[in-house]
Amino acid sequence: MSDAIRITDVTLTPVAFRDPALLNAVGVHEPYALRAVLEVHTDQGITGLGETYADQGHLRRLRQAADALVGLDVHRLGRMYAAVAAALGGDTGSDGHGLTGMITSSSTVDRVFSPFEVACLDIQGKAAGRPVSDLLGGAVRDQVPFSAYLFYKWAAHPGGEPDSWGEALDPDGIVAQARRMIDDYGFTAIKLKGGVFRPEEEIEAVRALREAFPDRPLRLDPNAAWTVDTSLMVARELDGVLEYLEDPTPGQEGMARVAREAPMPLATNMCVVAFDELKPAVALDAVQVVLSDHHYWGGLQRSKVLAGICDTFDLGLSMHSNSHLGISLAAMTHLAAATPNLTYACDTHWPWKTEEVVAPGALEFRDGSVAVPTGPGLGVELDRDALARLHEQYVSCGLRDRDDTGYMRRIDPSYEKKVPRW
Ligand SMILES: O=C([O-])[C@@H](O)[C@@H](O)[C@H](O)[C@@H](O)C(=O)[O-]
Ligand SMILES: [Mg+2]
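Computed from a predicted structure; not experimentally measured.

Asker: Mind laying out the sheet that holds strand E9 (residues 218-221), listing which residues take part and the relevant values?
Answerer: In spatial order, the strands read E7-E8-E9-E10-E11-E12-E13; together these seven strands make up an open sheet with parallel pairing. A single partner strand is all that each edge strand has here, and the edge strands are strand E7 (147-151) and strand E13 (316-319). Here the average twist between neighbouring strands, direction ignored, is 25°. Two elements, strand E10 (residues 242-246) and strand E11 (residues 266-268), share two bridges in a ladder whose sense is parallel. Counted as the bridge partner of leucine 245 is leucine 266 from E11. Here helix H5 (residues 171-185) sits on the sheet and contacts E7 and strand E8 (189-193); the angle it forms with E7, its principal contact strand, is near 150°. Here helix H6 (residues 199-212) sits on the sheet in contact with E7, E8, E9 and E10, set at roughly 165° to E9.

Asker: Pulling in residues and values, what's your account of the site of ligand 1?
Answerer: What surrounds ligand 1 is a group of 17 residues, the closest being Asn24, His29, Tyr149, Asn322 and His349. Here an oxygen atom of ligand 1 sits 2.7 Å away from a polar atom, N or O, in the side chain of histidine 29. At 3.1 Å from an oxygen atom of ligand 1 is found a side-chain nitrogen or oxygen belonging to glutamate 246. Relative to its unbound accessible area of 340 Å², ligand 1 is 100% covered by the protein chains.

Asker: Explain the domain arrangement of the protein to me, and be specific about the residues and the numbers.
Answerer: What the domain assignment lists for the protein is domain 1 (7-133 + 384-397) and domain 2 (137-371). The interface of domain 1 with domain 2 comprises 46 residues on the first partner and 53 residues on the second. Between domain 1 and domain 2, a total of about 3,900 Å² is buried, with carbon and sulfur atoms accounting for 62% of that surface. It is Leu23, Glu51 and Ser133 in domain 1 that bury the most area against domain 2; as a group they hold 18% of the surface buried on that side. Residue glutamate 355 is joined to arginine 18 by a salt bridge in which the shortest nitrogen-to-oxygen separation is 3.4 Å. At the junction of domain 1 with domain 2, the criterion picks out 20 residue pairs in polar contact (both at pLDDT 80 or more). Taken together, the elements giving at least two residues each to the side of domain 1 that touches domain 2 come down to strand E1 (7-18), strand E2 (23-24), strand E4 (32-42), strand E5 (47-52), helix H2 (77-88), helix H3 (105-128), helix H4 (132-135) and helix H12 (384-397). Examining the composition of the side of domain 1 that touches domain 2, we find that nine residues originate from one element, H3, more than from any other. Along the lines of polarity and charge, the residues of the side of domain 1 that touches domain 2 split into 25 nonpolar, 13 polar and eight charged.

Asker: Describe the coordination of the magnesium ion (ligand 2), listing the residues and the values that go with them.
Answerer: At the metal site, the magnesium ion (ligand 2) is ligated by Asp221 (OD), Glu246 (OE) and Asn269 (OD1), and these contacts range over 1.9 to 2.2 Å. For the magnesium ion (ligand 2), the donor residues sit on a single chain with the sequence spacing D-x24-E-x22-N. Linking aspartate 221 in strand E9 with asparagine 269 in the loop between E11 and helix H9 (278-284), this pair joins segments that are 48 residues apart in sequence. Here the two residues aspartate 221 and asparagine 269 agree in accessibility, since each one is buried.

Asker: I'd like a description of the pattern of salt bridges, backed by residues and values.
Answerer: Applying the stated rule across the entire model yields 23 salt bridges. A salt bridge links aspartate 404 to arginine 402; its shortest N-O distance comes to 2.7 Å. There is no split in this pair, since aspartate 404 and arginine 402 are both buried. Taken together, the shared-partner salt bridges connect Lys191, Lys193, Arg219, Asp221, Glu243, Glu246 and Asp347 into one network.

Asker: Residue-level account of the UniProt feature "domain: Mandelate racemase/muconate lactonizing enzyme C-terminal" (unreviewed entry) in the protein, with values.
Answerer: In the UniProt entry, the feature "domain: Mandelate racemase/muconate lactonizing enzyme C-terminal" (unreviewed entry) is given for residues 171-265. Annotation note: span residues 171-265, helix share 52%, strand share 15%, distance between end C-alpha atoms 24 Å.

Asker: Explain the UniProt feature "active site" (unreviewed entry) in the protein residue by residue, including any values.
Answerer: When the UniProt feature table is mapped onto this chain numbering, "active site" (unreviewed entry) sits at Lys193 and His320. The greatest C-alpha distance among the annotated residues, which extend across 128 residues, is 12.1 Å, indicating that they converge on a single site. Taken from the residues named earlier, the lining of the largest cavity is made up of Lys193 and His320. Tracing the chain through its elements places lysine 193 in strand E8. Every residue in contact with lysine 193, bar those within four places of it in the chain, is listed here: Leu23, Asn24, Tyr149, Leu150, Phe151, Tyr152, Asp221 and Asn223. A polar side-chain atom of lysine 193 sits 3.2 Å from a polar atom in the side chain of tyrosine 149. Relative to the elements of secondary structure, histidine 320 occurs in the loop between E13 and helix H11 (326-337).

Asker: Residues and numbers for empty space enclosed by the protein, please.
Answerer: All told, the structure shown has two cavities of 30 Å³ or more when counted by the stated rule. Quantified by volume, the largest cavity comes out at close to 90 Å³. Lining the largest cavity are 14 residues, and of these Leu99, Tyr149, Lys193, Asn223 and Asn322 sit closest to its centre. Looking at the lining of the largest cavity residue by residue, the classes come out as three nonpolar, eight polar and three charged. Here the lining of the largest cavity spans two domains, since at least three of its residues come from each of domain 1 (7-133 + 384-397) and domain 2 (137-371). The space that makes up the second largest cavity amounts to roughly 40 Å³. Surrounding the second largest cavity, Arg35, Tyr53, Asp293, His295, Ser321, Asn322 and His324 form its lining. Residue composition of the lining of the second largest cavity, by class: one nonpolar, four polar and two charged.

Asker: How would you explain the sheet that holds E1 if you had to name every residue and give the values?
Answerer: With antiparallel pairing, the three strands of this open sheet are ordered in space as E1-E4-E5. At either margin of the open sheet sits one strand with a lone partner, and together these are E1 and E5. Each adjacent strand pair in this sheet contributes to an overall mean axis angle of 20°, direction not counted. Sheet topology places E1 next to E4; 11 bridges connect them, and they run antiparallel. Looking at the pairing, arginine 18 lines up with tyrosine 32 of E4.

Cut-offs and rules
- Residues numbered from 1 in each chain as written.
- Chains lettered and ligands numbered in written order.
- Predicted model: local features only at pLDDT ≥ 70, side-chain atom pairs only at ≥ 80, totals over all residues.
- Heavy atoms only, no water.
- Pairing = 2+ DSSP bridges.
- Helix = DSSP H or I, 4+ residues; strand = E, 2+ residues; numbered from the N terminus.
- Axes fitted to C-alpha atoms, helices over the stretch in contact; angles between N-to-C directions.
- Contact = heavy atoms within 4.5 Å.
- Near = heavy atom within 4 Å.
- Polar contact = N/O pair within 3.5 Å; in protein donor to acceptor, adjacent residues only side chain to side chain.
- Areas by Shrake-Rupley, 256 points an atom, 1.4 Å probe, with all protein chains shown as cover.
- Domains from an automatic or database assignment.
- Buried area = accessible area lost by both parts, 1.4 Å probe.
- Salt bridge = Lys/Arg side-chain N within 4 Å of Asp/Glu carboxyl O.
- Nonpolar A, V, L, I, M, F, W, Y, C, P; charged D, E, K, R; others polar.
- Donors = N, O, S within 2.8 Å, 3.2 Å for Na, K, Ca; no water.
- Buried < 20%, exposed > 50% of the residue type's maximum accessible area, 1.4 Å probe, protein only.
- UniProt positions renumbered as here; feature names shortened; annotations may be inferred.
- 1 Å grid on protein atoms, 1.4 Å probe; cavity = no way out; pocket = protein on both sides within 12 Å on 5 of 7 lines; lining within 4 Å.
- Points joined across faces, edges and corners; volume = space filled by probe spheres on them.

What follows is the structure in structure tokens.
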């Protein structure tokens, strides 16, 4: 009997879910975040789930890849990777917002391959009766800690109803947001998305967080909004306050200049986002912590390769997040559980969403952590009604690409994207 499980078909469903007016260095989140839900069907009747971005170019590339994968065995991930690379033929994507670094043709293959790999691991796990974490070497922790992810934000989208979080545009608003997030989820680490206001104001917000939460590790991430000099000023002001400073300035050279004098480690999900960026980063000592993200590091197994490289070169490892749904949270949790050197609490945008495509119950936050699902595969099932509703919302909302800057410009025509800004 052959143990092959062959792909017969792939269903790709773009969805849109409501997103608050979260501010960042390049603008503001639009009223809906876009994701694509992938269902990989097989000749044995087992279906696997994957989740990824849904910008138009990415959807087109996912479809091209899907066609190339029909007939392949879900266990042959190396062959699948090669088939995706061949199908894309050097096509190069974009991240649509500029917050996750330079995209090349090889990193485009990683972005496109990732949700297929996750879905195939889901299938392999279902077939073997084992959780995905077991296919990645086995969980070394049963609970995966995540970090509170704070944003400056407006109370509502212009012309829209206020969301339940209210406005956060100053230190008091940020501390109140942190308090609610910690009360609701129990997070033990806190990250503030910066790059929105003058650095002095963001320093003040971090100090207010330190005063309100004396024992919780704090991080600040301005997405490369500062020059080297400004970064060093902030780093000195926040000496002893931050566990790491994330992407203060653009590029590896700039980060290396900051790293030489900053008293805390520098982390990145902008200047090291692909395998070929690791070697120069290590040579320059540009960063001390890499934020992995299986959505663009080529899936869960390639993220473990990244973890091995970080371990070898004494780089810390944390995890990056964009707006995401439950399939991605499940994948992130299995990966983090099976990655011994992922010792920082992972980022997640989870608290910001009010809509979901996976059936409730599988993923719960307790004391800031998610218990690693122990059932076969990823351990999550689609809620078909919710999927249909969020797809309908995708069709009717009219958004097709993430565009934080364009949205901000429609609200404030004088807004300019500037990297670095201060
Ligand atoms: O959602 C956002 O606005 C974030 O800024 C996100 O897009 C970033 O990629 C990310 O979370 C980060 O850590 O840079
Ligand atoms: Mg970041």
